[in-house]
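Chain and residue survey
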Amino acid sequence: MQIIGILVGLIYRTLFMTGETGLRNVPSILKIILIVLSALIYIPLYREPYIPLLIILVIGLLGYNRWWAAASLSLSSIPGVWYGLTAYLFGLAGFSNYIAPLEALMIYFRTTYISLLVLFAGSIISPVRLANLMIKVGLRDKAITPIVLWRTMPAGLHDMMEALAIGSLKGEKAWKRLGPATASMLEYSQFVWENNYYRLESPMKSQLPCKTEKKYTVLVITGIVVNAIIIVLYFVKII
């Protein structure tokens, strides 16, 4: 139960600890460009994967806080450690080609970077801007969905943690409490829907106000420029 609780806590700190603040208050087009370029620099820095990893961590640290950086790195390191360690142990046991510890470390960095980039992309999504975009493309009746999800999912995770804690006090194994915990989350979502039926079933009449913070916009633009320079230097080197 403690392991599940830690994972839930990391997910909360990575995706739901902050509201419409930080990097979420940056124009969507700039965030999309940053994500695309961050994915592309994986090619030239394949042998130095710790560099793009550091870039994303610095942007997240300055755009949010150290809690986000620590939680995101810890969560994304789980698959990284798994792939790096298993690759090394399988090679050591003779089930695959042997790799040196340094190569296993590079596998860890590559896998961790991919996981961190996915978490970073999820953490900078603005539910308000997403709702406004859905209104622009004619999905007024569904535009409230991202707002509700971002408001109810943290509460659902909290209810799940309570259900697991109750099971722990009763001496039950964690996997036996996953069913009741999931049922608790579904019950909460049903409760929200019943109490907000008319609001959720009605189309949004106008777009929600959203602000753009200059310092975070400058931070994202800086990240874009750094990634672009790395990519350009790589292609110039090839030519």
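The text that follows walks through the structure, step by step, so that each part is easy to find. (Residues numbered from 1 in each chain as written. Predicted model: local features only at pLDDT ≥ 70, side-chain atom pairs only at ≥ 80, totals over all residues. Heavy atoms only, no water.)

What follows covers the overall build of the protein. Along the backbone of the protein there are 10 helices and 0 strands. Along its sequence from the N terminus, the protein presents helices and strands in the succession α-α-α-α-α-α-α-α-α-α. Within the protein, the proportion of its 239 residues that are buried is 39%. Total accessible area on the protein is roughly 14200 Å²; 69% of this is exposed by carbon and sulfur atoms. (Helix = DSSP H or I, 4+ residues; strand = E, 2+ residues; numbered from the N terminus. Buried < 20%, exposed > 50% of the residue type's maximum accessible area, 1.4 Å probe, protein only. Areas by Shrake-Rupley, 256 points an atom, 1.4 Å probe, with all protein chains shown as cover.)

Here the focus is the packing of aromatic side chains. This model, assessed by the stated rule, comprises 7 aromatic pairs. Seen from their ring centres, Y42 and Y113 are 6.4 Å apart, and the 5° between their planes marks the pair as stacked. Remark: Y113 occurs in helix α5 (residues 101-123) and Y42 occurs in the loop between α2 (28-40) and α3 (50-63); sequence separation between them is 71 residues. We classify Y113 as buried; its relative accessible area is 1%. Arranged with centres 6.0 Å apart and planes meeting at 75°, the rings of W68 and F120 form a pair that is edge-to-face. (Phe/Tyr/Trp six-rings, centres within 6.5 Å; stacked < 30°, edge-to-face > 60°.)

Let us look at a nonpolar patch on the surface. Residues V81, L85, L89, F90, L92, F95 and Y98 make up a contiguous nonpolar surface patch of roughly 760 Å² in combined accessible area. Here L89 is to be found in helix α4 (residues 66-93). By relative accessible area, L89 is classed as partly exposed at 44%. (Patch = residues over 30% accessible without salt bridge, like charges linked within 9 Å, V, L, I, M, F, W, Y side chains within 5 Å. Salt bridge = Lys/Arg side-chain N within 4 Å of Asp/Glu carboxyl O.)

Once that is clear, we can look at α4. Taking 1.5 Å as the rise per residue, α4 with 28 residues should run 40 Å; its terminal C-alpha atoms sit 39 Å apart, in good agreement. In α4, a bend of some 35° at S77 exceeds every other bend along the element, and P79, a proline, comes one to four places later. Within α4, burial applies to W68, A69, A71, S72, L75, S76, S77, G80, G84 and G91. For α4, the N-terminal cap is N65; the gap from its side-chain oxygen to the backbone nitrogen of W67 is 3.0 Å. Just past α4, the residue G94 takes up positive phi, approximately 90°. (Expected span 1.5 Å × (residues − 1). Bend = angle between axes of the 7 residues up to and from the residue. Polar contact = N/O pair within 3.5 Å; in protein donor to acceptor, adjacent residues only side chain to side chain.)

Right, let's talk about the nonpolar core for a bit. Residues L23, I41, I59, F120 and V220 are the most contacted members of the largest nonpolar core, which totals 30 residues. Listed by contribution, the elements that provide at least two residues to this core are α2, α3, α4, α5 and α10 (214-238). Sort the elements by how many residues they give to this core and α5 lands first, with 7 residues. Residues contacting F120, with those up to four places away along its chain left out, are L23, L34, I35, I56, I59, G60 and W68. (Core = buried A, V, L, I, M, F, W, Y, C linked by side-chain atoms within 4.5 Å. Contact = heavy atoms within 4.5 Å.)

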